[in-house]
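Spelled out from the first residue to the last, the chains are:
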Amino acid sequence: MVLVLPVLLFLLHTLLWNDRGYSRIAKRLSPFLILSMLLGMVALYGKRSMIGILSPLELLILGMKSTVFYLKMIVWPHGLSILYPQSSSISLVSLEFLLPTLIVVVIIGMTWFQRNRLPFMTIGILWFLIGIAPSFTNAAKAGDIYFASDRYVYLPCIGLFMIISLDIRWLLDRYRRDLEQCVIVGALSIMIVTLSLRSATYVQYWKDSESLFENVVQFYPTAHAAHFNLGVLKHERGDEEGAIKAFEQSIQIRERSNAHSGIASALKAQGKILEAQHEYERAIAMDPDDAEPYLGLGNLFAEEGDIRKASDAYDRALSIDPRYTAVFNNYGAMLMQQGSFDRASSLLMKAHDINPAFAKTCFNLRSEEHTSELQSRFGISYAVFCLK
């Protein structure tokens, strides 16, 4: 929003306050313009890889769909979600994008022709359209395309609420009879109560993460990230069958290595070691530069007592990510249990140096004898063994 703040302030000066002293306006707004340019360069630099996924034309076309979607949600908030995946190709040939583009063009045209007669409405509509424009650059995230990010719409909506407030005031001034005013107030009250009930319903989805992602897949079943997160949550609470199903649904939409690692973790929890190993290997084949499946393999081999294979897997994970705290912890704990305290102490101290708080999330060493040995050698009273 700060990127377009100078433009919005300029609109207030020229259209609302009818100020035509452009040099004076420019001087007054120059600090905002400089700040906007600086923050804009920072934002564009941070999003350079994401912006490159879509062409400027595709971003604009997708933005038209986003704009109409936001307008619809203000009128009737149905289908609200934390993720809005765009699964179809972006083209004006599709009615999915052609119709919103025509609607936005009509709105802009009507606003322009009514700018002198209805300056407040012009300000409100332009405030909304210009305010949401920077959010179009957030369409690409982690290689996926999303047609909306409604958390960026709160401030732009001020323009629409200004129009609504002025329209209500106009109605109350025009229809002054008691019965007419009662009808207007009654209709507004019904609208407020209805929208409040919709809000109360939606708030229920925020009671926990699983409900939140279940809501996503209910309205947007192609959101593979939501299916994946549901798999993680189900695995954490011990529902391994549900976790595997969620991971498989994610893979059907878009196959990624982390979903195969998730299936492997669930299979390992069920005691299906060979199947779990196969899934980890599939994840590695898909993305050899992902350290997570190597960590999973290391944990699996460690539990099976195959120290050589576990060490190889941990070493490979560290070669990919030299600051992977969980690998240092698991590797060190495994060697400590084998009696290799010097090497274990080095690995665990490295984990502690990278993230001192990580050890607090792990459980105490099972053997009191090993705990005492560890404490006497390098002053830590806990060994860390964070099995996935």
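Remember, predicted model here, so these are calculated numbers, not experimental data.

Right, let's get into the packing of helix α10 (residues 224-236) against helix α11 (residues 240-253). At a minimum axis separation of 8 Å, α10 and α11 run at an interaxial angle of 165°. On the basis of the axis angle, α10 is roughly antiparallel to α11. Every pair of crossing elements has a handedness; the one defined by α10 and α11 is left-handed. Of the residues in α11, those touching α10 at His224, His227, Phe228, Leu230, Gly231, Val232, Lys234 and His235 are Glu240, Gly242, Ala243, Ala246, Phe247, Gln249, Ser250 and Ile253. When its residues are assigned to classes, the contact of α10 with α11 shows 7 nonpolar, 7 polar and 2 charged.

Confidence along the chain averages 84 in pLDDT terms, with 88% of residues attaining 70 or more. Counting contacts from residues 360-370, a segment whose pLDDT is below 50, to residues more than four positions away or on other chains yields 14 contacts. Of the regions scoring below 50 in pLDDT, residues 378-388 engages in 38 contacts with residues more than four places distant in sequence or in other chains.

Once the charged atoms of two side chains with opposite charge are near each other, the side chains can pair. Considering all chains together, one arrives at 11 salt bridges under this definition. With a closest N to O distance of 3.7 Å, Asp144 and Arg256 form a salt bridge. Residue Asp144 is located in strand β2 (residues 144-145), and its partner Arg256 is located in the loop between α11 and α12 (257-269); the two are separated by 112 residues in the primary sequence. Note that Lys234 and Glu214 form a salt bridge whose closest N and O atoms lie 3.8 Å from each other. Of this pair, Lys234 sits in helix α10 while Glu214 sits in helix α9 (residues 209-219), and the two are 20 residues apart along the sequence.

Here we take up the side chain of Ser66. Note that Ser66 resides in helix α4 (residues 56-75). Not counting residues up to four positions away in its chain, the partners in contact with Ser66 are Phe136, Phe147 and Ala148.

What follows is about the environment of Ile90. Mapped onto the elements, Ile90 comes out in the loop between α4 and α5 (95-113). Aside from chain neighbours lying at most four places away, what touches Ile90 is Leu54, Glu58, Ile61, Leu62, Phe97 and Ile145.

On to the packing of helix α14 (residues 292-304) against helix α15 (residues 307-320). Here α14 crosses α15 at 160°, and the two axes come no closer than 8 Å. The pairing of α14 with α15 is recorded here as roughly antiparallel in orientation. As α14 runs across α15, the sense of the crossing is left-handed. Two secondary-structure elements touch here, α14 through Tyr294, Leu295, Leu297, Gly298, Asn299, Phe301 and Ala302 and α15 through Lys309, Ala310, Ala313, Tyr314, Arg316, Ala317 and Ile320.

To describe a pair of aromatic rings, you give the distance between the ring centres and the angle between the ring planes. Using the criterion set out here, one finds 9 aromatic pairs in the structure. Here Phe69 and Tyr84 contribute two aromatic rings whose centre-to-centre distance is 5.0 Å and whose plane-to-plane angle is 65°, an arrangement assigned as edge-to-face. One end of the pair, Phe69, is in helix α4; the other, Tyr84, is in the loop between α4 and α5, with 15 residues separating them in the sequence. By relative accessible area, Phe69 is classed as buried at 9%. A relative accessible area of 1% places Tyr84 in the buried class. Consider the rings of Tyr202 and Tyr205, whose centres lie 6.0 Å apart with planes at 70°: the pair is edge-to-face. Clustering of aromatic rings is evident, with ring pairs tying together Phe69, Tyr70, Tyr84, Phe147 and Tyr220.

Calculation rules
Residues numbered from 1 in each chain as written. Predicted model: local features only at pLDDT ≥ 70, side-chain atom pairs only at ≥ 80, totals over all residues. Heavy atoms only, no water. Axes fitted to C-alpha atoms, helices over the stretch in contact; angles between N-to-C directions. Helix = DSSP H or I, 4+ residues; strand = E, 2+ residues; numbered from the N terminus. Parallel < 35°, antiparallel > 145°, perpendicular 65-115°, else oblique. Left-handed = near helix turned anticlockwise from the far one by under 90°. Contact = heavy atoms within 4.5 Å. Nonpolar A, V, L, I, M, F, W, Y, C, P; charged D, E, K, R; others polar. pLDDT = per-residue confidence, 0-100. Salt bridge = Lys/Arg side-chain N within 4 Å of Asp/Glu carboxyl O. Phe/Tyr/Trp six-rings, centres within 6.5 Å; stacked < 30°, edge-to-face > 60°. Buried < 20%, exposed > 50% of the residue type's maximum accessible area, 1.4 Å probe, protein only.

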